[in-house]
Amino acid sequence: MQQVNRLKPFFENINFEREDNTMVVNFGPQHPSAHGQLRLILELQGEEIVKAVPTIGYLHRGMEKMGENMMYNEFLPTTDRMDYIASTSNNYGFALAVEQLLGIEAPRRAEIIRTMLLELNRIISHLFWLATHALDVGAMSIFLYAFREREFAMDLMEDYCGARLTHSAVRIGGVPLDLPPNWCEDLSKFIAILSEEVDKYEGLLTQNRIWRMRLENVGIITPEMAKSWGCSGVALRGSGFQWDLRKEMPYGIYSELDFDIPYAKTCDSYGRYKCYMQEMRESMKILKQLIPMYEKSEPQLMAHAPEYISAPKENIMTQNYSLMQHFVLVTQGMRPPKGEVYVATESPKGELGYMIVSDGTPYAYKMKLRAPSFWHTGLLEDLLPGHQLADVVTIIGNLNIVFGEIDR
Amino acid sequence: MRAYSPKNDVQKKSYYNDRFHVVPSVPRADVQTDEVFLNDLTTFKEKFTVLDAYLEKGHLVIIIEAKNNLKAVKFLKEKLSYDMMMELSAIDYIASRQGFEIFYEMLSMSKHKRIRVKCFIEEKEELSSVESVFKMANWSEREMYDMYGVKVKNHHNLKRILMPDDWYDYPLRKTYPLQGDETAQWYEVDKIFGKEAREAIGPEIRDGAAIDRYDTTRFARLGHEVPYGVDITNGKEPEHTPLAYQEEGGVGLFGVRIIKELHEDKSVQLKKRR
């Protein structure tokens, strides 16, 4: 039995006095390769993992509770803090869910700008993934290159909304701002740079012997496992399913865009790496198509739904009724219809779902945030045993988990 | 007369409700309008009692009896190819209906359809685990237990997942206040310093927006600065802090003062931007 006192707290899951030869290693929650506050309790036989227990909750902020105590517009900036690497995708998922609940649609230009931001954010997220994953595995220089290009993308984000990490650039019913002048030209320049650079990253890694040794046949997620654990995003596509919500159950303007869904049949980390690289190219393809679409679109940015959404600023300044409506919406919040919606979007990490149950009051009755990384972390329990200790960082890095959205 | 509001729901409520506001509902469609769902529902009805079924925003919602949940989910997976479970959780209706509504959000990748299976359980009733069908339920059910206190039968490791193991009460229940209850205030004090230190330390302030103007160790008073940790309670609060205030010894970096000392009486405030 453990002798418990204040200096030696009780560790559940850990048995210090064991008769067999296994060693228990506590990995995290402050491990730099854990990509956040992940605590893994590993049982090792030599260097081989026999049992892994992922433990989470070190970043739990109670977002679902906050969602039930905040008006819909108040909650939107909170969603940024879920997957803080790609916050636009969270904003968008939430805005889309509320829009579906209200039964309104964002104007076309707003939808185009949102899609631009989403895809730019996907690139930012994938570059971040590549940089940190490669760093974990031991490729230092790729980290510097990928972060350099990510900086350009973040500058574009900053030019649009002023924020670099937590954008809140999407509103319920549209977007608050039009693109600044010359933004599209800058975007084209960025795409031109990045498309060359992605080839260079691949040149550094794809056939690199060390990279392949570290990734090939490591972290094999079988198709059954992927389905059973509710995997989504690249974790699912890496297991041979060509499933991307943007293509299979399109939302927004994705049905008008031409892009492919990369997938891998190898089920291992290397296959998933290739998917990520290809996805960046597909995102660039989407962005290229969006620029002419943007130029052709009408200038309206917010949906016209006076019951739920404030009038444009010039109306608020000039018309009494718009001002009154705005005041009510800001102080009391919108009152959506009674009902429930589950809206899933494809975030860079996987299927990001917002389940909102509304009872007709300005506060959601229930807000369930389906964060893809949550189950990708749970999966570690099944995925890690049988691997070497050194593969743990490869697998954690490769699954692209972000603790903001796991603990919410 | 004031409208009735349940006393065991402490979540934030709107401060004003228009008596004449009629709350609309999200339109529900008949299952007849969707062929795929209609076929699925007919097959499903042959095996299980369906309390209600309707289409809401493109989702088929089926309400079943709670005792059938495991069999129904298994049937949907194996026979009707709803091969992924995306989400499951509970909705707290203790105040109005004395129980929880459990929902299972499922996806069929071959049919491109989403379905939501719902069932209702009493507050103390137990629910069968669907972990044997979908492994994702392992963590989801733990989260549901952690947040709502819904007991799940046949779960191999039903313990808290996000909250500490010894946490009191279930945070997502409507009876649980946003900033935590009485026990939550003492949790960290008890854990780190022990119960005997309660009086010396005091409860944890769990309101993130709380400001104490007399607390000079944790709060800066812009424009009214006082030295760090000085007691300013009971009339010791300075009436005016000169702008030239600098910490004792001056703001120095390697012995060199980096900010020129400001004399308030000699300074001029500009009326217009230059």
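Use the structure listed above.
These notes cover the structure that comes with them.

About the cut-offs
Residues numbered from 1 in each chain as written. Chains lettered and ligands numbered in written order. Predicted model: local features only at pLDDT ≥ 70, side-chain atom pairs only at ≥ 80, totals over all residues. Helix = DSSP H or I, 4+ residues; strand = E, 2+ residues; numbered from the N terminus. Rg over C-alpha atoms; globule rule 2.2 N^0.38 Å. Buried ≥ 20, exposed ≤ 12 C-beta atoms within 10 Å, placed from the backbone. Contact = placed C-beta atoms within 7 Å. Nonpolar A, V, L, I, M, F, W, Y, C, P; charged D, E, K, R; others polar. Axes fitted to C-alpha atoms, helices over the stretch in contact; angles between N-to-C directions. Parallel < 35°, antiparallel > 145°, perpendicular 65-115°, else oblique. Left-handed = near helix turned anticlockwise from the far one by under 90°. Pairing = 2+ DSSP bridges. Core = buried A, V, L, I, M, F, W, Y, C linked by C-beta atoms within 7 Å. Expected span 1.5 Å × (residues − 1). Arc of directions from axis to C-beta.

### Comments concerning the overall build of chain A
Then comes step 1: For chain A, the helix and strand inventory stands at 17 helices and 6 strands.
Then comes step 2: In terms of overall size, chain A behaves like a compact globule, its C-alpha atoms giving a radius of gyration of 23 Å where 408 residues would be expected to give roughly 22 Å.
Then comes step 3: Principal-axis analysis of the C-alpha atoms places the extent of chain A at approximately 80 × 50 × 35 Å.
Then comes step 4: In chain A, which comprises 408 residues, the share counted as buried stands at 52%.
Then comes step 5: Contacts spanning at least 24 positions in sequence make up 68% of the contacts within chain A whose residues lie at least 6 apart.

### Quick look at the overall build of chain B
Then comes step 1: Of regular secondary structure, chain B possesses 6 helices and 10 strands.
Then comes step 2: For chain B, the residues scored as buried account for 23% of the 274 residues in total.
Then comes step 3: For chain B, the share of sequence-separated contacts (at least 6 apart) that also reach a separation of at least 24 residues comes to 43%.

### Comments concerning the interface of chain A and chain B
For an interface, size is often stated in terms of accessible area lost upon the parts coming together.
Then comes step 1: Across the contact, 43 residues belong to chain A and 36 residues belong to chain B.
Then comes step 2: Elements supplying a minimum of two residues to the side of chain A that touches chain B: helix 1 (63-68), helix 3 (87-102), helix 8 (223-228), strand 4 (339-347), strand 5 (350-358), strand 6 (366-370) and helix 14 (372-378) of chain A.
Then comes step 3: When residues in the side of chain A that touches chain B are grouped by element, the largest group, 5 residues, is from strand 4 of chain A.
Then comes step 4: The residue makeup of the side of chain A that touches chain B, split by class, is 16 nonpolar, 13 polar and 14 charged.

### Here we look at unusual backbone geometry
Then comes step 1: Unusually for a residue other than glycine, Asn182(A) sits at a positive phi of about 70 degrees.
Then comes step 2: Looking at where Asn182(A) falls in the secondary structure, it is placed in the loop between helix 5 (140-161) and helix 6 (183-205).

### Structural notes on the packing of helix 2 (residues 72-79) of chain A against helix 3 of chain A
When two helices pack together, their arrangement is given by the angle between the helix axes and by the axis-to-axis distance.
Residues and elements named next belong to chain A.
Then comes step 1: With their axes 8 Å apart at the nearest point, helix 2 and helix 3 run at an angle of 155 degrees to one another. By the angle between their directions, the pair helix 2 and helix 3 is classed as roughly antiparallel. Of the two possible hands of crossing, helix 2 and helix 3 adopt the one that is right-handed. Mapping the contact onto sequence places Tyr72, Leu76 and Thr79 in helix 2 and Asn90, Asn91, Phe94, Ala95 and Val98 in helix 3.
Then comes step 2: When its residues are assigned to classes, the contact of helix 2 with helix 3 shows 5 nonpolar, 3 polar and no charged.

### Structural notes on the sheet that holds strand 5 of chain A
Residues and elements named next belong to chain A.
Then comes step 1: A sheet is described by the order of its strands in space; here 3 strands give the open sequence 4-5-6, paired in antiparallel fashion. This sheet does not close on itself; its edge strands, each paired only once, are strand 4 and strand 6. This sheet shows a mean twist of 10 degrees between the axes of neighbouring strands, independent of strand direction.
Then comes step 2: Inspection of the sheet shows strand 4 paired to strand 5 by 9 bridges, in the antiparallel sense. The residue bridging Tyr342 from the neighbouring strand is Met355, located in strand 5.
Then comes step 3: Along the sheet, helix 3 makes contact with strand 4 and strand 5, crossing strand 4 at roughly 150 degrees.

### Re the nonpolar core
Then comes step 1: Met106(B) and Val117(B) are the most contacted members of the largest nonpolar core, which totals 158 residues.
Then comes step 2: No other element matches the 17 residues that helix 4 (residues 108-137) of chain A contributes to this core.
Then comes step 3: In this structure Met106(B) touches Leu76(B), Tyr82(B), Met84(B), Met85(B), Met86(B), Arg114(B), Ile115(B) and Val117(B), once residues within four positions along its chain are discounted.

### Quick notes on helix 1 (residues 35-47) of chain B
Residues and elements named next belong to chain B.
Then comes step 1: Taking 1.5 Å as the rise per residue, helix 1 with 13 residues should run 18 Å; its terminal C-alpha atoms sit 19 Å apart, in good agreement.
Then comes step 2: Looking at helix 1, one finds that the buried residues are Phe37, Asp40 and Phe44. All buried residues of helix 1 project into a common sector of 65 degrees when viewed along the axis, lining one side. In this structure, helix 1 carries Glu35, Thr42, Lys45 and Glu46 as exposed residues pointing more than 90 degrees from its buried face.
Then comes step 3: Each element contacted by the buried residues of helix 1 is listed here: strand 2 (50-56), strand 3 (59-64), helix 2 (69-78) and strand 6 (113-122).

### Let's talk about the sheet that holds strand 2 (residues 39-45) of chain A
All names here are of chain A.
Then comes step 1: Pairing within the open sheet is antiparallel, and its 3 strands lie in the order 1-2-3. The open sheet is flanked by strand 1 (23-27) and strand 3 (48-55), the only strands paired with a single partner. Averaged over all neighbouring strand pairs, the angle between strand axes comes to 20 degrees, with direction disregarded.
Then comes step 2: Pairing geometry for strand 2 and strand 3, over 7 bridges, is antiparallel. By the bridge assignment, Leu42 is partnered in strand 3 with Ala52.

### Topic: the pairing of strand 4 (residues 84-92) of chain B
Residues and elements named next belong to chain B.
Then comes step 1: Taking burial as the measure, the 9 residues of strand 4 include 9 buried ones, the bulk of the element.
Then comes step 2: Taken together, the 8 bridges between strand 4 and strand 5 (residues 99-108) define a ladder with antiparallel strand orientation. By the bridge assignment for strand 5, Ile91 is matched with Glu101.

### Here's the deal with helix 4 of chain A
For the α-helix, the turn length of 3.6 residues means that residues three or four positions removed from each other point alike.
Residue and element names in this part refer to chain A.
Then comes step 1: The terminal C-alpha atoms of helix 4 lie 43 Å apart, and with 30 residues this matches the ideal 44 Å at 1.5 Å per residue to within 8%.
Then comes step 2: For helix 4, the buried fraction is high: 28 of the 30 residues fall into the buried class.
Then comes step 3: Two residues or fewer past helix 4, Gly138 is found with a positive phi of approximately 125 degrees.

### Looking at the environment of Ala192(A)
Residues and elements named next belong to chain A.
Then comes step 1: For Ala192, the location among the structural elements is in helix 6.
Then comes step 2: With 12 C-beta atoms counted inside 10 Å, the residue Ala192 sits in the exposed group.
Then comes step 3: Taking C-alpha positions, Ala192 is 10.0 Å from Lys288, a pair spaced 96 residues apart along the chain.

### Some points on the environment of Leu144(A)
Then comes step 1: Structurally, the position occupied by Leu144(A) is in helix 5.
Then comes step 2: Sequence separation between Leu144(A) and Tyr365(A) is 221 residues, and the spatial gap between their C-alpha atoms is 45 Å.

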